[in-house]
Amino acid sequence: MKKIIIGARGSKLSLVYANKVKNLILEKETNLSKESLIIKTIKTSGDIFKDKKLSEIGGKKLFCKEIEESLLSKEIDIAVHALKDMETDDEKNLIIGSYLERNDPRDAFVSFKYNSLKELKNNIIGSSSRRRQLQLKTLNRNIEVKQIRGNVDTRFKKLKENLYDGIVLALAGIQNLDLEKNVKEIFSLKDVIPAAGQGIIAAQCRKDDEKIKIILNKINSSKTEQCAISERSMLKAIGGNCDTAVGAFAKIIGDEIELTAQLFSDTGDDAFFYQLKGKKEDAIKIGTIVGNALLKKAGSKYKKKK
C-alpha cells in the first residue's frame, strides 16, 4: 500500500491524538511500517481566529473544515478530530471510520491558587463553553466566568499570567498532555454533564476509500461508537448550535445503553434533564427520544437553532 497520510490540527494535543491513531493502526496492521504512516498538520480557521467567540466566526466546525477539505481533495487519507469539535451532520462524502476507546469524559478545575471551585468568591474562571459557564454557576453562584480561547498550553499560560483564578477544561486533554498534576478538582458526571462526544477521538475517511475503512474498522471501539452516536443523535434532535448549553453522556451497562442529558434554556435560567436506558443497538433511537423529551420539557424556553 502507498503511504497513508493522517491529517490533524497542529496543536500538541491534536498531534498526540494523531499519533495515537497511527500507533493503533501499526498494532493492527503488522505489514505497515512507521515510515508508511505520515502525519500532516493542517491549520484550521478555529486556530487562526483565536480571540473571537466561535459563534461569531462560524461555530465549532471551524476546527474541522480545512481538514475535511484536505480529505475530500485526497491530500490526506485519514482525518483525526476531537469528536466534540465535529458537526452532528456528517459531510456527505465522508464517514467516521473509527471511534477510539473513550478517554475520561469528565471536566476538571485547574488553578494555581485554589483547591476547589466551591471555595471561590468573586473570582474569575476561564471557559469558552456556555454549557460549562451555566453548570459552574449552578455549583457556585459567587464566581464570574469569562471567555477564554486557545489550545490547552495557551490557556495554562493565561492562567499563569493571573488573567484568571482558575480554568475548566476536559480532563482527557489534560491527561493526554501529562498535565494532571495541575488539576485541583475533577467534577462528577452528575454535577457537570460533559459535552456530547467529550473524550472521544474520531478518525474520519472518504466513504469510497474501502482500504482505509477496513483499516479504521480494526481500531474502532464498538462501545464508544454506540455511546457517540447516541449522544450525537440527541444533539441532532434538539437542533442546537455552538452556543447551545447542552451536555450528554452515554454509557454501556451490559447489553443496555443509558443516556443522560441536560439542556439549558436560551436565557440560561432553567435546566432540563432527561435520562433513558434501552437496548444498546437502539443507540440512535434513544438519542432522538431523549432530545425530543428535552425539547418538550423546555417548551418555549428553548428554540431550535437548526
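Below you will find a few notes about this structure. Each chain carries its own residue numbering, running from 1 in the written order of its sequence. In view of the model being predicted, local features appear only for residues whose pLDDT reaches at least 70, and side-chain atom pairs are presented and counted only at 80 or more, with totals across whole chains, interfaces and linings using the full set of residues. Remark: hydrogens and water are excluded; side-chain values derive from all non-hydrogen atoms of the structure.

1. Observations concerning the overall build of the protein
Inference 1: Going along the chain from the N terminus, every DSSP run of H or I of four or more residues is numbered as a helix, and every run of E of two or more is numbered as a strand. When helices and strands are counted, the protein shows 10 helices and 13 strands.
Inference 2: Radius of gyration: C-alpha atoms only; globule rule: 2.2 Å multiplied by the number of residues to the exponent 0.38. Taking 306 residues into account, the globule formula puts the C-alpha radius of gyration at 19 Å, and the protein, at 19 Å, falls close to it.
Inference 3: Along the first, second and third principal axes, the C-alpha set of the protein runs to 60 × 45 × 35 Å.
Inference 4: Partly exposed describes any residue whose relative accessible area lies between the buried limit of under 20% and the exposed limit of over 50%, with all areas from a 1.4 Å probe on protein chains only and scaled to the type maximum. Counting all 306 residues of the protein, 54% fall into the buried class.
Inference 5: We call two residues in contact whenever any of their non-hydrogen atoms come within 4.5 Å of each other. Within the protein, counting contacts between residues at least 6 apart in sequence, those at least 24 apart form 69% of the total.
Inference 6: Values of accessible area rely on a 1.4 Å probe in the Shrake-Rupley scheme; residue burial ignores everything except the protein chains shown. As displayed, the protein has an accessible area near 14600 Å², and 47% of this comes from carbon and sulfur atoms.
Inference 7: Positive residues here are Lys and Arg, negative ones are Asp and Glu, while His and the chain termini are left out of the count. To locate a charge, the coordinates of NZ of Lys, CZ of Arg, CG of Asp or CD of Glu are taken. The centroid of the 58 positive side-chain charges in the protein is displaced by 2 Å from the centroid of its 42 negative side-chain charges.

2. Some details on the packing of helix α9 (residues 222–238) against helix α10 (residues 283–298)
Inference 1: Relative orientation of the contacting elements α9 and α10 amounts to 35 degrees, with a least axis distance of 7 Å. Crossing angle aside, the handedness with which α9 passes α10 is right-handed. Facing α9, whose interface residues are Q226, I229, S230, S233, M234, A237 and I238, α10 presents A283, I284, I286, G287, T288, V290, G291, N292, L294 and L295.
Inference 2: Throughout, the ten residues Ala, Val, Leu, Ile, Met, Phe, Trp, Tyr, Cys and Pro are labelled nonpolar, Asp, Glu, Lys and Arg are labelled charged, and all others, Gly among them, are labelled polar. Classifying every residue of the contact of α9 with α10 by side-chain character gives 10 nonpolar, 7 polar and no charged. Axis lines are fitted to C-alpha atoms, over the contacting stretch for helices. Their N-to-C directions set the angle, which ranges from 0 to 180 degrees. Rotating anticlockwise by less than a right angle from the far helix to the near helix defines a left-handed crossing, while the corresponding clockwise rotation defines a right-handed one.

3. With respect to helix α4 (residues 65–72)
Inference 1: Where α4 is concerned, the buried positions are E66, I67, E68, S70 and L71.
Inference 2: Of the residues flanking the end of α4, it is K74, one or two places downstream, whose phi is positive at about 65 degrees.

4. Remarks on the sheet that holds strand β6 (residues 123–126)
Sheet strands associate in pairs through backbone hydrogen bonding, adopting either a parallel or an antiparallel arrangement.
Inference 1: Here a strand pair is declared whenever DSSP counts at least two bridges between the two strands. The sheet built from 5 strands is open, its strands ordered β7-β6-β8-β5-β9 with mixed pairing. In the strand order of this sheet, the two ends are held by β7 (143–146) and β9 (183–186), each with one partner. The average angle at which neighbouring strand axes cross in this sheet is 30 degrees, direction not considered.
Inference 2: Contacting β5 (107–110) and β8 (166–170), helix α6 (residues 152–160) crosses the sheet at an angle of about 165 degrees to β8.

5. Focus: the sheet that holds strand β2 (residues 37–41)
Inference 1: Ordered in space as β2-β1-β3-β10-β4, the 5 strands form an open sheet in which the pairing is mixed. Among the strands making up the open sheet, the edge pair consists of β2 and β4 (94–99). On average, each strand axis in the sheet is tilted by 30 degrees relative to the strand beside it, whichever way the strands run.
Inference 2: Inspection of the sheet shows strand β1 (residues 4–8) paired to strand β3 (residues 78–82) by 2 bridges, in the parallel sense. Residue pairing across strands places G7 opposite A79, the latter belonging to β3.

6. A look at the environment of I257
Inference 1: Locating I257 in the fold gives a position in strand β12 (residues 256–264).
Inference 2: Owing to a relative accessible area of 0%, I257 belongs among the buried residues under this scheme.
Inference 3: Residues I257 and L276 lie 19 residues apart in sequence; the distance between their C-alpha atoms is 8.3 Å.

7. Quick word on unusual backbone geometry
Excluding glycine, most residues fall at negative phi; most peptide bonds, likewise, are trans.
Inference 1: In the Ramachandran plot, N162 falls in the positive-phi region, its phi being about 65 degrees despite a non-glycine side chain.
Inference 2: With respect to the element layout, N162 can be found in the loop between α6 and β8.
Inference 3: According to the relative accessible area criterion, N162 is exposed, its value standing at 52%.
Inference 4: In this structure, D178 takes a positive phi of about 55 degrees despite not being glycine.
Inference 5: One can find D178 in the loop between α7 (171–176) and β9.

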